[in-house]
Amino acid sequence: MSATASSAPSRNILVIGAGELGMPVLRNVVRRASPALEASVDVLLRSNTIDSTTPAKQRNVAEIRALGVGIVQGDLVGQSIDELAAIFAEYDTVIGCTGITAGVETPMKVAQAALQAKIPRYFPWQFGVDFDVIGRGSPQDIFDSQLDVRDLLRAQHDTEWVIISTGMFMNYLFEPGSGMVDLTNHTVNALGSPDTAVTVTTPEDIGALTAEILFEEPRIRNEIVYVAGDTITYRQVAETLEAVLGRPFELAVWTESSLMNELANDPDNMTRKYRAVFAQGRGVAWDKSDTFNERRSIPTTTLREWAQQNLVA
């Protein structure tokens, strides 16, 4: 990378996706980008999203246009690396916000396109746990593909990269499919043990922190940046819900061995893979005091605050 490219600020930015994380990232990048930084922001969307008749997608597209964000049509799955690289080459910064829904091969495909385009700066979809600490061969095989992306980025010097480790999305704790918090039956199911910790951050906070990290000076480059809304054990989750909701919560334990047995009997079950990884407790939690947001005194939503805002009638 040339000295000019490596030192230039992010001013021509493409966000990939406008879903649960993409929309908060767009809102906050636009807020931070204008007017003083003179930065422009576009978003890459599939045609079926742009033309969707689904009310939620229509609202998102309308908000995107109201924000002044340009819409670029593209398809991470349907288009080739060459075609994606041609799109990316128009930008100095690309931020991936598509999650794992695009498939296990897509993160590598997008990273290869970013490097082929020789964009100055790339934020891959790595918003989540610390894949390096978890290591290869974990119960969640998708994590190996994310490690492949890290290896690819670290092995080159033409494109700067920034990885943002956020932990679990906070609301996922409460989704029925996760099984961790059963509000109906007043139960917290601890993965591994009651004292296993997990870092959780709201998508809204991730969006705000991504914008801060993007425009941070001195410029952040080739670094993993840790953020956190809260780092909390499952025992503390139960205690917090009892305090906020004013009723007792049972604390059950789903041991690592039991979760691994369930996965062995249903090896393609994505939820069981995630549960087994979180039960192992490696790379899924870090001290909030060491995070970017704490060092910059940027407030983030704690679990108690989220519960008060979302669970109290």
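For clarity, every value in this text was computed on a predicted model and none was experimentally measured.

**Things to note about the sheet that holds strand E8 (residues 181-182)**
Spatially, three strands are ordered E8-E9-E13 in an open sheet, and the strand pairing comes out mixed. Of all the strands in the sheet, just E8 and strand E13 (250-254) have a single pairing partner and so form its edges. Here five bridges tie strand E9 (residues 187-191) to E13, and the two strands are oriented parallel to one another. Bridge pairing in E13 places Leu-191 opposite Trp-254. Its contacts with the sheet place helix H10 (residues 234-245) against E8, E9 and E13, and it is angled at close to 165° to E9.

**Digging into helix H12 (residues 270-280)**
Among the residues of H12, Lys-273, Arg-275, Ala-276, Val-277, Phe-278, Ala-279 and Gln-280 are the ones counted as buried. The N-capping residue of H12, defined by a side-chain oxygen 3.0 Å from the backbone nitrogen of Thr-271, is Asn-269. Looking one or two places after H12, you find Gly-281, whose phi comes out positive at around 75°.

**Description of the packing of aromatic side chains**
The final tally for this structure, using the stated rule, is five aromatic pairs. Note on Phe-174 and Trp-306: the rings are 4.6 Å apart at their centroids and 15° apart in plane angle, and the pair reads as stacked. With Phe-174 in the loop between strand E7 (168-169) and E8 and Trp-306 in helix H14 (residues 303-310), this residue pair connects regions lying 132 residues apart in the sequence. Relative to Trp-286, the ring of Tyr-226 lies with its centre 5.2 Å away and its plane at 70°, an arrangement referred to as edge-to-face.

About the cut-offs
Residues numbered from 1 in each chain as written. Predicted model: local features only at pLDDT ≥ 70, side-chain atom pairs only at ≥ 80, totals over all residues. Heavy atoms only, no water. Pairing = 2+ DSSP bridges. Helix = DSSP H or I, 4+ residues; strand = E, 2+ residues; numbered from the N terminus. Contact = heavy atoms within 4.5 Å. Axes fitted to C-alpha atoms, helices over the stretch in contact; angles between N-to-C directions. Buried < 20%, exposed > 50% of the residue type's maximum accessible area, 1.4 Å probe, protein only. Polar contact = N/O pair within 3.5 Å; in protein donor to acceptor, adjacent residues only side chain to side chain. Phe/Tyr/Trp six-rings, centres within 6.5 Å; stacked < 30°, edge-to-face > 60°.

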